2 protein chains.
Amino acid sequence: MAKAPKYIYHFGSGKSDGDASMKALLGGKGANLGEMARRGFNVPPGFTITTEVCTYYYANKKSYPKGLLEKDIKDAVAKLEKQQKKKFGDARNPLLVSVRSGARDSMPGMMDTILNLGLNDTTVEGLKAKTQNGRFAYDSYRRFVQMYGDVVMGVQKRHENEHEPFDAVMDELKHAKGYTEDTQFTEADLKELIVAFRKLIKERTGKAFPNDPYEQLKGAVGAVFGSWMNERANIYRDKYNIPHEWGTAVNVQAMVFGNMGDTSGTGVAFTRNPANGANEFYGEYLANAQGEDVVAGVRTPLKITDMATDQVFKGIFQQLLKVRAKLEKEFGDVQDFEFTIEEQTLYMLQTRNGKRTAQAYVKIAHDMVKQKLMTPEHAVKSGDPQALDQLLAPIFDTSDEKAAEQDSYLTTGLPAGPGAASGTIAFTAAKAEALAAAGQKAVLCRVETSPEDLKGMIAAEGILTARGGVSSHAALVARQMGKVCVAGAGDLSVDYEAGTLTCNGRTLREGEFIAINGTTGKVYGRKVKTSDSELKQVLIGKTMKPGDSSLFQAYDFVMKLADKYRTLGLRTNADQPDQAHNAIAFGAEGIGLCRTEHMFFDGDRIDSVREMILFAEDYAKYRNEVADAKDDAQKQASLKGQYADAIDHFTSALGKLLPMQQKDFEGLFAAMDGRPVTIRFLDPPLHEFLPQSKDQKDDLAKKLGVSYERIEALGHSLHEFNPMLGHRGCRLGLVYPEITEMQSRAVFKAAISVAKKTGKKVVPEIMIPLVGYQAELAQQLEIVHRVAAEEQAAAKTKMVYLVGTMIEIPRAAVTAAEIAKDAQFFSFGTNDLTQTTLGMSRDDSGKFLPHYQKVGIVKANPFATLDQAGVGKLMEMAIAGGKQTRPEIKLGICGEHGGDPQTIEYCHKIGLSYVSCSPFRVPVARLAAAQAALKHGGKPAKAGKAKVKSAKPKAKAGKAKAGKAKAKAAGARG
Amino acid sequence: MAKAPKYIYHFGSGKSDGDASMKALLGGKGANLGEMARRGFNVPPGFTITTEVCTYYYANKKSYPKGLLEKDIKDAVAKLEKQQKKKFGDARNPLLVSVRSGARDSMPGMMDTILNLGLNDTTVEGLKAKTQNGRFAYDSYRRFVQMYGDVVMGVQKRHENEHEPFDAVMDELKHAKGYTEDTQFTEADLKELIVAFRKLIKERTGKAFPNDPYEQLKGAVGAVFGSWMNERANIYRDKYNIPHEWGTAVNVQAMVFGNMGDTSGTGVAFTRNPANGANEFYGEYLANAQGEDVVAGVRTPLKITDMATDQVFKGIFQQLLKVRAKLEKEFGDVQDFEFTIEEQTLYMLQTRNGKRTAQAYVKIAHDMVKQKLMTPEHAVKSGDPQALDQLLAPIFDTSDEKAAEQDSYLTTGLPAGPGAASGTIAFTAAKAEALAAAGQKAVLCRVETSPEDLKGMIAAEGILTARGGVSSHAALVARQMGKVCVAGAGDLSVDYEAGTLTCNGRTLREGEFIAINGTTGKVYGRKVKTSDSELKQVLIGKTMKPGDSSLFQAYDFVMKLADKYRTLGLRTNADQPDQAHNAIAFGAEGIGLCRTEHMFFDGDRIDSVREMILFAEDYAKYRNEVADAKDDAQKQASLKGQYADAIDHFTSALGKLLPMQQKDFEGLFAAMDGRPVTIRFLDPPLHEFLPQSKDQKDDLAKKLGVSYERIEALGHSLHEFNPMLGHRGCRLGLVYPEITEMQSRAVFKAAISVAKKTGKKVVPEIMIPLVGYQAELAQQLEIVHRVAAEEQAAAKTKMVYLVGTMIEIPRAAVTAAEIAKDAQFFSFGTNDLTQTTLGMSRDDSGKFLPHYQKVGIVKANPFATLDQAGVGKLMEMAIAGGKQTRPEIKLGICGEHGGDPQTIEYCHKIGLSYVSCSPFRVPVARLAAAQAALKHGGKPAKAGKAKVKSAKPKAKAGKAKAGKAKAKAAGARG
């Protein structure tokens, strides 16, 4: 018989069943409590109910494994009673416990904590006797009933305008007694409140507040498990892609009291600054308080460093300094920990790796690796690639911020999330969401934030709070999401009812502008202009030197560390030399997608493009009719006359475009300095190039000497019902092979000329778009190879080039083995592949995709994160097919997914050679690719470094050749 | 060592190397010559060069297998010399041969025949001596030089307006001599012509006409192989999907002369009438003529039956009657044969299964099976399913044709292709093509047609010729393509130069109307109205009784024969009772696709549909906000007020639609009389239902009491960039579940009511469209199952129903195993699946698809014939996935491909349960499915007969249920 799983793990008193490696089973909190106890930190003993119980709970209609409630928990409590020499429910020496949730990763939004569990009308007297403090005992009891009534029994506001029901009871009594502060409540008042609370609970729920401590415990455990599936927790998991299946653990721990008097206290601290990464002790404490008081932001706590000079706690501070050092050493990362001081004894209640901003991440990784406190692997693994975007987010323009300081300065708060945010004031989460939905930037301004504000915080550009310290909810969420945040700006007075924010003599209303600097904590009462981030200024703007920026040094250190592990090649999507330069600065090793049509819009050349388009159809008719006329010279001459206009314009337009494209390619090749450049031939439908307004059309008609009606008619003739599935991609090059020829010639002329000028090898990779049939590619490549041979012969030189195709429609994926006969590389165009595989137009999906995410049909937006089960399956088929025909085939991705960390991990797993993304996403991709390699193991060689063999026309006559032979044979007979 | 393949097969003199079973190797002509010789028909001896030589020729740069020319052919000629006791090139007793092409299937457009090969200045004298007929000998020589110069050496018109060059030379001499007929040429004239012809050849080609018979033979063989790849042959193969790889054989046969004088002759005959299938001897002959003269239509030949009373040939006629009977007996099908009479001796030159019209096909199959001359298998196999469409093509309206006979009768020709065609006169193939391209119906009117007119004949509605008999090119092509055709209407005078057609005192010009009755041969000088075909009148119109129509009896016999072999189920796409009735009449066993939205346009109901659409979005907002408000009754009440208008209109519109849809479904269920009915829920994007014109919009605004601007705004808001990939299919039902609920309710109410009324079982199969994700289907089916349960409970009854989905986007195919968890059946929506898999919008493909077909990228239009390599691959994946999860899953196809014979064969092969096509395609599908079963073997069970198990909501909580639990948990906490 299989052994029953162990559902309960003990910790404390220097011994533990679990340790830090067991986060999946015990949750982060439980595992680390075990680890701390093992390593000699003073942890109040307790036990963890495993995440497997949570999984069981949801799989079995919210019931528990057999015996858990009846026996296992009771045994665990008994063990705790023995350790603490107290008894659960005992009238004289009662054991009190806290109950906390603890998932694998810390997760805001879930039920956090219930304190003082075990109190009832009997045990409260025991506590009073033991502490000789009736007010303390009854206040603890009052807090417990309130917390339990709210969280476990669900006594909450029934609509937005209602007061918190327990608060209302307290306010009533305060008013009746003429008190102004909670601290004025006497022991008798508190007893009265407790009666009133219990009555409220009974009225609202129909159930009595449970006196039996085991009943209380059972309820609390159920509430923790229940909170795993609440809306806020679900939103959070969806945002961070945490599986719903993980579940949470429950930690039951002997109470220690930070509110037992003036020699008690509680605090939250980071071993380093989590906002900017500075190596400084960072945190807050409150004397005579329970932990929740710090986090809730109700009382503004003192800085942890102030404790050094606090007469009561300076000894404790010395202990904390030792704890700080020991934590970093033992856990190998910055720690975010909670402690309680009960009558001058320091207890550790929790530790975890500190959530940090991107800026702090690179700084801490750099410093701790150099200090040998952190392993290089952990430094790479622990970063959130997505968050690196923050380093590129704009900061305030120096001169405009100076001006704002003169004319609109409001106050300075805690710099809790670095960066700059200007936006419209929103006093509620709902308002922030509404503004964001309307495309406006919002700054959420609250007295304090709570888990209920989560959606609004996600929607806002920045967060400003009047109360709460660096450990407050606002600061915590800001750090985690990389939001710009200024917390605890105490001068600020926010009046929700009046809808005003007052500070420094100014009153601002909802809808007016405000600006916050999350790096310095300054707040301004107007919009402030922004400029490039520090990192951009070093890398691109070159307005700062690397030596001037410690942020750059840390960033660069981490990126180079990542490169050591990364095996996936990194390319960028760029069409212009300056983009190419940027991308190289960010670490790109080549261009994975140059969209040639972007060049078509530049300056005057759009006129030539339009000229080409206007006469393309007639020219093609001419070409086909000439071919049909075979060797009838008379007929051909007459056709030449008939189509003179079209021939003239079309060839002249192509003639003008050739040197322009050549120049563009020369610029790119020079900028890429020998790195590979993938050039995609003309892709969008031709109507995208046409003039839209009457004036533009008039203008074009005049320039080309044709009638306005003709321009109009062209627009109608090129109109498409579903342009995404229309005449575009290689379908253009097939119907108008002259365009493919022109583009080929521009590429080869440019490559030869740059190679000659620079003496470096230039390796163009020509990519034919939207291929679905092997014959499409073969017929297009016939032109490419012919032009390549012509240009090499003309320049008396040899060059290396590759030819390949996008895989962006399902048919290409399905017939990849055929297509690989001609393609030396595949590049997955996952934008279009997603649209066709899902039958979903990105531009039109707004009507249903948000609903799909809401009801769980899709987890992530498939246009941002690759749909692995659908699109990925086709990619895997294409890879298998491609490799079957051509084992050395190069494989890349150039859709927008190429910059998405989850997708990058997938690309690594399925064996792509490289990913290509927009220049500013390159750092994200760099870190994500390194993490993928660490997680799944590396691959032998990078594409960027792979040896290149030039494309060669096949020796064997392809289909196209047979076609030619056919035409010739027909000619001989016809 | 492998034995060298045998490249040459002899036949004749009662012995043959080959036989009728060897068509792949010897071509149809060669194989049947072998067979005829074996069976004692009098065949001039000869030999066949195999199709493998043709394959070799194209695979090896147009060269021949080693030794073929040098030895094998010479050996074969030597054997022939021995049999015939003549010598190739001999001055006194020269062997002359014909050279003919012969592919597996007879193929117009390829080089046909060269006669009299072996003649030169020397051997012609031998022929003269032997036949004592100088004029005959030199005329034979003249013909040979002309034919050889044209076909082998390529001396042809250089442009359209040039005269045939050899004809020009002859005309010149005729003119100079003052002759009016070719027959007036003397031996001396012919000698002069031969010199002039040889001079022309030399001038035009730079090469001399070869004197050496082996050189002549080599050239002729090369010309046959070359003609395999000429344009017309390619067009023909593409139309009939004949692989280019098959190749042609070459037949070299000892000459017999039909033109040796008045006791000689030649003819072409069918053992039965190939136009209408009548059991009558049918054909033509010409005295003193070579075979080409009959086919070319230059001299109008005599009816074969006239031979019975021909004093010279009446003995031969008796022999021919025996041949006719023997051919049918030996070959088991109607034969189309050629014969030559050389001085009263009958020789058989060729036989093959006769091409026939659809009408003839069913008649012949019926008659010959009954006469035990044909096997039932052959009767089924030998029909062209596609051609059955001809039986449904309209015929002339009786009364209007009677009127036309009074006011516009022109003439009566040979009824060569049954049916009725009215259209614009086109005198050239190019004109007919141009008219067809412009969407106009054309009747191609020619003196005679030639292979060069093929494209125009395909484009035209009907063909009318002034010259040529039932074996003429026009008649042959018309039979094969099912074109309406009247041939050899000798009263007709067509003047190409003047662009006129004159007959019966009237002159018509190009562009005017003409009408031809291919069943009677009558021609009218105006449009004539059409009415239903005879078959339709029996099956659908019921204006004729089955007993009145022998055509119906034959058709019915063949269809029932087909059903014996068919294993694939047959359904139809129908939305209305009358369509359903028709489909059943044609043999449908169920409805495979009922598009519910078609019902939405009927009568007033479009107003209700528009009302529903106009308020849907607001209603959805209301629903979502109420859900968010959870148990806040006050908030909910306020929302109800705020959205009162939307709630009112939306629910009222649905309320109006429910009974309408229910009535529609009742009609369908009743019509289908217990057969399964697959109902697809709302599919098209909502904007398709909106009014377009200002008046319509105004009208709607007034009816609904909203502003015009609001209607306009809705149009804008619903506009999509790529509607094909937009908010449609189940995406509608998910965002607006109320619509799915209404449709479900209508289905179940209707099913229950019809079952009650008729006492028969009604089995609705509910089909959710455009599913890409399993969760989409699961969430929609949750509604369906709930409503089913409610309606069954309300009616206190139990019923059987199935649920399933369309597989019409690639993601569904790829994730079919997941989707099959909820789907009891898959129906492949190959229209959309083709569009998404190919990334090709059907509506927009006109700009490039014709080009793709021309250059060979696609063989067939992928929207007509399924793309097996691409779309098919995904279907096979879906089938594998579906069966993996649910081995008994039902599989069908309901795209337009379901009526395409090639696709049907494929569907049979990959194991579908049924195909569904439009009602009028059902006969086509019926025959095609039977042929597929005969070709590939049957399958155990038909879908139509499979046992049905009702859909049941899954016992296990699906994703949707978990989602509900989630929402509830959140509610408890929120």
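Use the structure listed above.
Residues numbered from 1 in each chain as written. Chains lettered and ligands numbered in written order. Predicted model: local features only at pLDDT ≥ 70, side-chain atom pairs only at ≥ 80, totals over all residues. Heavy atoms only, no water.

Asker: Talk me through the interface of chain A and chain B; I want residue IDs and the actual numbers.
Answerer: Taken together, the 76 residues of chain A in the interface contact 77 residues of chain B. Between chain A and chain B we count four salt bridges in total. Between E617 of chain A and K847 of chain B there is a salt bridge, with the nearest N and O atoms lying 3.6 Å from each other. When its residues are assigned to classes, the side of chain A that touches chain B shows 28 nonpolar, 25 polar and 23 charged. (Contact = heavy atoms within 4.5 Å. Salt bridge = Lys/Arg side-chain N within 4 Å of Asp/Glu carboxyl O. Nonpolar A, V, L, I, M, F, W, Y, C, P; charged D, E, K, R; others polar.)

Asker: I'd love a proper account of the sheet that holds strand 28 (residues 764-768) of chain A, names of residues and values included.
Answerer: Residue and element names in this part refer to chain A. Pairing is parallel around the closed barrel formed by eight strands, whose spatial order is 25-26-27-28-29-30-31-32. In this sheet, neighbouring strand axes are inclined to one another by 25° on average, regardless of whether the strands run parallel or antiparallel. In terms of strand pairing, strand 27 (residues 677-680) meets strand 28 through four bridges, oriented parallel. Among the inter-strand pairings, I679 is bridged to a residue of strand 28, identified as I766. (Pairing = 2+ DSSP bridges. Helix = DSSP H or I, 4+ residues; strand = E, 2+ residues; numbered from the N terminus. Axes fitted to C-alpha atoms, helices over the stretch in contact; angles between N-to-C directions.)

Asker: I'd like a rundown of the packing of aromatic side chains, residues and numbers included.
Answerer: Counted according to the given criterion, the structure contains 58 aromatic pairs over all chains. Judged by centre distance (5.4 Å) and plane angle (40°), the ring pair of Y57 of chain A and F225 of chain A falls under tilted. Highlighted residues: Y57 of chain A in helix 2 (residues 51-59) and F225 of chain A in helix 8 (residues 213-227), separated in sequence by 168 residues. The same class applies to Y57 of chain A as to F225 of chain A, namely buried. Take F225 of chain A: its relative accessible area is 0%, and that puts it in the buried class. Here a set of aromatic residues connected by ring pairs shows up, and it is made of Y57, Y58, Y64 and F225 of chain A. Sitting over the face of the ring of Y914 of chain B, R571 of chain B holds its NZ or CZ atom 4.2 Å from the ring centroid. (Phe/Tyr/Trp six-rings, centres within 6.5 Å; stacked < 30°, edge-to-face > 60°. Buried < 20%, exposed > 50% of the residue type's maximum accessible area, 1.4 Å probe, protein only. Lys NZ or Arg CZ within 6 Å of the ring centre and 35° of its normal.)

Asker: So, helix 25 (residues 708-718) of chain A: which residues are in play, and what are the values?
Answerer: Residues and elements named next belong to chain A. Along helix 25, the residues classified as buried are Y708, I711, L714 and L718. Each buried residue of helix 25 sits inside an arc of 125° when the element is viewed along its axis, so together they form one side. Projecting away from the buried face of helix 25 at angles above 90 degrees are the exposed residues E709 and H716. Contacts from the buried residues of helix 25 go to helix 21 (605-629) and helix 24 (694-704). (Arc of directions from axis to C-beta.)

Asker: Talk me through the environment of A278 of chain B; I want residue IDs and the actual numbers.
Answerer: You can see A278 of chain B is positioned in the loop between strand 7 (265-270) and strand 8 (282-287). Beyond its immediate sequence surroundings of up to four residues, A278 of chain B is in contact with R272, N273 and K363 of chain B.

Asker: How would you explain the pattern of salt bridges if you had to name every residue and give the values?
Answerer: A full pass over the atoms with the stated rule returns 112 salt bridges over all chains. Through salt bridges with shared partners, one network takes in E741, R745, K749, R786, E790 and E791 of chain A.

Asker: Describe unusual backbone geometry, listing the residues and the values that go with them.
Answerer: Excluding glycine, residues mostly carry a negative phi; peptide bonds, for their part, are mostly trans. Not every positive phi belongs to a glycine, and K85 of chain A is a case in point at roughly 55°. In this model, K61 of chain B sits at a positive phi of 50°, which is unusual for a non-glycine residue. Take K61 of chain B: its relative accessible area is 80%, and that puts it in the exposed class.

Asker: I'd like a rundown of the relation of the copies chain A and chain B, residues and numbers included.
Answerer: For the match of chain A to chain B, the screw axis carries a shift of 0.0 Å, the RMSD comes to 0.2 Å, and the turn is 180°. Classification of the inter-copy transformation places it as that of a two-fold axis. (Least-squares fit on C-alpha atoms with pLDDT ≥ 70 in both.)

Asker: Go over the pairing of strand 11 (residues 345-353) of chain A, please, and point to the residues and values.
Answerer: All names here are of chain A. Across eight bridges, the pairing between strand 10 (residues 335-342) and strand 11 is antiparallel. Residue E342 lies in a different strand from strand 11, and its bridge partner there is T345. The antiparallel hairpin formed by strand 10 and strand 11 contains two residues in its connecting segment, where E343 sits at a positive phi of about 45°.

Asker: How would you sum up the packing of helix 18 (residues 534-541) of chain B against helix 19 (residues 550-565) of chain B? Please name residues and give values.
Answerer: All names here are of chain B. Interhelical geometry of helix 18 versus helix 19 gives an angle of 75° and a closest axis separation of 8 Å. The angle between helix 18 and helix 19 falls in the class roughly perpendicular. The residues of helix 19 that touch helix 18, namely those facing E534, L535, V538 and L539, are S550, L551, F552 and Y555. A breakdown of the residues in the contact of helix 18 with helix 19 according to their chemical character gives six nonpolar, one polar and one charged. (Parallel < 35°, antiparallel > 145°, perpendicular 65-115°, else oblique.)

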